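Structural overview for review
So the chains spell out like this:
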Amino acid sequence: MNKRAERKIEHIQHALSTGQQRTNGFSDVTFVHQSLPNLSTSNIDLSTKVGELTLSSPLFINAMTGGGGEDTVIINEALSNAASEANIAVAVGSQMSAIKDNKERPSYEVMRKVNKNGVIFANLGSEATVDQANIAIDMIEANAIQIHLNVVQELVMPEGDRDFTDALIRIERIVKGVQVPVIVKEVGFGMNREVARQLMDIGVSAIDVGGFGGTNFSKIENKRRNQVLSYFDQWGITTAASIAEVSSIGNKVSIIGSGGIQSSLDLAKSIALGASAAGVAGYLLKIFIENGYDELVLEIKNMLEDLTFIMTALGARTINDLQNAPLVISGSTHHWLTERGINTKSFSTRS
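None of the values given here were measured: they were computed from a predicted structure. (Residues numbered from 1 in each chain as written. Predicted model: local features only at pLDDT ≥ 70, side-chain atom pairs only at ≥ 80, totals over all residues. Heavy atoms only, no water.)

A few words on the overall build of the chain. Check the secondary structure of the chain and you find 16 helices and 12 strands. The C-alpha atoms of the chain give 19 Å as radius of gyration, which agrees with the globular expectation for 351 residues (20 Å, within 12%). Along the first, second and third principal axes, the C-alpha atoms of the chain reach 60 × 40 × 40 Å. Per-residue burial for the chain yields a buried fraction of 57% across its 351 residues. Of all intrachain contacts in the chain linking residues separated by at least 6 positions in sequence, the fraction that spans at least 24 positions is 75%. When the accessible area of the chain is evaluated, it comes to approximately 14,700 Å², of which 47% is carbon and sulfur surface. If the 31 positive side-chain charges of the chain are averaged to one point and the 38 negative ones to another, these points end up 3 Å apart. (Helix = DSSP H or I, 4+ residues; strand = E, 2+ residues; numbered from the N terminus. Rg over C-alpha atoms; globule rule 2.2 N^0.38 Å. Buried < 20%, exposed > 50% of the residue type's maximum accessible area, 1.4 Å probe, protein only. Contact = heavy atoms within 4.5 Å. Areas by Shrake-Rupley, 256 points an atom, 1.4 Å probe, with all protein chains shown as cover. Lys, Arg positive; Asp, Glu negative; His and termini not counted. Charge placed at Lys NZ, Arg CZ, Asp CG, Glu CD.)

What follows is the structure in structure tokens.
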């Protein structure tokens, strides 16, 4: 196993040991209860649109791993099988390892092998070229490609990148040079509206905010360092604040919520703040590793059923209705958004 593959396995181990902090900001978000929803659970439509893609539900399995030998083959096979069984989308982890070493391709290719008709997202970092993006897409016959932004992770990573110039230019080239939608995602440090606007202007189809409060890649990489960079462990914008920030620029780009999402209530709050879909990663990985495949599938199906119940209680028949459900923002999320000039009353007074 090469050093990159060894690092992939270390990431999984440290992700499971560090866990998720549940500091994603959703505790500051409360729905306005509806006593007369005038709706039945049988009327609920979970389908949603992310850019040009139509998904059967807003829940999907977000990027986790690949390129770590047989261990990651097993994980990705299970995740993709579960996505197929539950009829939801799934994303692979960064495919750069397979582009640099063909021996690692099976850990990615297995996802399409077991999920022939499902929606699968390819994944590369912002250092990727157009040619590499097309290789990644072809490798798994991807329906879209995620380009991840992980500046803080790279800085903390002992062997990580130190030069992040021209990333926006490279992303724009990929947008123009591939035949599938491009999703740009953060990896746990959140997204502000200024960056979101830049990405929107170059034609990115969707923005995955990857907010602070879930798997902490600074903590993971610090476990691999001799000199710990502890100041990055609390660095970032929470998931709730990130979604609200990006949604404040209007509906010209689709938003994906991710970062510490562990329940259907988190998922519903993500959508009500402006997201069209939400990705779950570390929470589902932990269930699979600790409890097995059947429990993984059961949890996904339970989350979809619970989302149906929540939407019924709110009188929201569709995802678009849920995006307009009134909610009240309090606490540190309210303070953050107010200081950033974002009107929180627009969320509480809508109907």
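Burial of strand S11 (residues 277-280) is two-sided: the residues Ala 277 and Gly 279 facing one way and the residues Ala 278 and Val 280 facing the other way are all buried. Across 3 bridges, strand S4 (residues 59-61) lies against S11 in parallel orientation. Note on S11: the bridge partner recorded for Ile 61 is Val 280. Pairing of strand S10 (residues 254-258) with S11 involves 3 bridges; the strand directions are parallel. (Pairing = 2+ DSSP bridges.)

All right, on to the UniProt feature "binding site: Mg(2+)" (unreviewed entry) in the chain then. The positions that UniProt labels "binding site: Mg(2+)" (unreviewed entry) are, in the present scheme, Glu 154. On the secondary structure map, Glu 154 appears in helix H6 (residues 151-156). Here Glu 154 falls in the buried class, since its relative accessible area comes to 12%. Those residues within four positions of Glu 154 in sequence are excluded, and the remaining contacts are Gly 160, Asp 161, Arg 162 and Phe 164. (UniProt positions renumbered as here; feature names shortened; annotations may be inferred.)

Among the surface-exposed residues, Glu 127, Asp 161, Asp 163 and Asp 166 lie close enough to one another that they form a single negatively charged patch. For Asp 163, a relative accessible area of 53% translates into the label exposed. (Patch = residues over 30% accessible without salt bridge, like charges linked within 9 Å, V, L, I, M, F, W, Y side chains within 5 Å. Salt bridge = Lys/Arg side-chain N within 4 Å of Asp/Glu carboxyl O.)

Here we come to the pattern of salt bridges. Side chains that differ in charge, positive against negative, can pair when their charged atoms come close. Per the stated rule, a full pass over the model turns up 9 salt bridges. Across the pair Glu 221 and Arg 224 runs a salt bridge, and its minimum N-O distance is 2.7 Å. As far as the burial class goes, Glu 221 and Arg 224 line up, both buried. Among the salt bridges present, the one from Lys 286 reaches Glu 290, with a minimum N-O distance of 2.7 Å. On the criterion of helical spacing, the pair formed by Lys 286 and Glu 290 is a turn pair, its members being 4 residues apart in helix H12 (residues 282-291). Overall, the relative accessible area of 37% leaves Lys 286 in the partly exposed class.

Looking now at the sheet that holds S4. Neighbouring strands of a sheet are bound in pairs by backbone hydrogen bonds; such pairs are parallel or else antiparallel. The strand order S4-S5-S6-S7-S8-S9-S10-S11 describes a closed barrel built from 8 strands, whose pairing is parallel. Strand after strand, the sheet turns through a mean of 30° between neighbouring axes, direction not considered. Across 3 bridges, strand S8 (residues 182-186) lies against strand S9 (residues 206-208) in parallel orientation. The partner of Val 184 across the bridge, within S9, is Ile 207. (Axes fitted to C-alpha atoms, helices over the stretch in contact; angles between N-to-C directions.)

Glancing now at the pairing of strand S6 (residues 120-125). Along S6, 6 of the 6 residues are buried, which leaves the element largely enclosed by surrounding structure. Neither face of S6 is exposed, since Ile 120, Ala 122 and Leu 124 on one face and Phe 121, Asn 123 and Gly 125 on the opposite face are all buried. Relative to S6, strand S5 (residues 89-91) runs parallel, the two sharing 2 bridges. From the neighbouring strand, Val 90 faces S6, where its bridge partner is Ile 120. In this structure, S6 lies alongside strand S7 (residues 144-149), joined through 5 bridges in parallel fashion. Bridge pairing in S7 links Leu 124 to Ile 147. The parallel pair S6 and S7, bridged by helix H5 (residues 130-140), forms a crossover whose chirality is right-handed. (Right-handed = clockwise from strand over helix to strand, strands pointing away.)

The next thing to look at is the side chain of Glu 104. By secondary structure assignment, the location of Glu 104 is in the loop between helix H3 (96-100) and helix H4 (106-114). An unpaired buried charge is present at Glu 104: no salt bridge exists, and Lys 103, the closest side chain of opposite charge, is 8.4 Å distant. Polar contacts involving the side chain of Glu 104 include one to the main-chain amide nitrogen of Gly 69, which spans 3.2 Å. (Polar contact = N/O pair within 3.5 Å; in protein donor to acceptor, adjacent residues only side chain to side chain.)

Residues spaced three or four apart along an α-helix face the same direction, because each turn holds 3.6 residues. Counting buried residues along helix H11 (residues 264-273), 9 of its 10 residues qualify, which places the element largely inside the surrounding structure. Taken together, the buried positions of H11 are Ser 264, Asp 266, Leu 267, Ala 268, Lys 269, Ser 270, Ile 271, Ala 272 and Leu 273. Its side-chain oxygen 3.4 Å from the backbone nitrogen of Leu 265, Ser 263 forms the N-cap of H11. In the stretch just after H11, Gly 274 is the one whose phi turns positive, near 135°.

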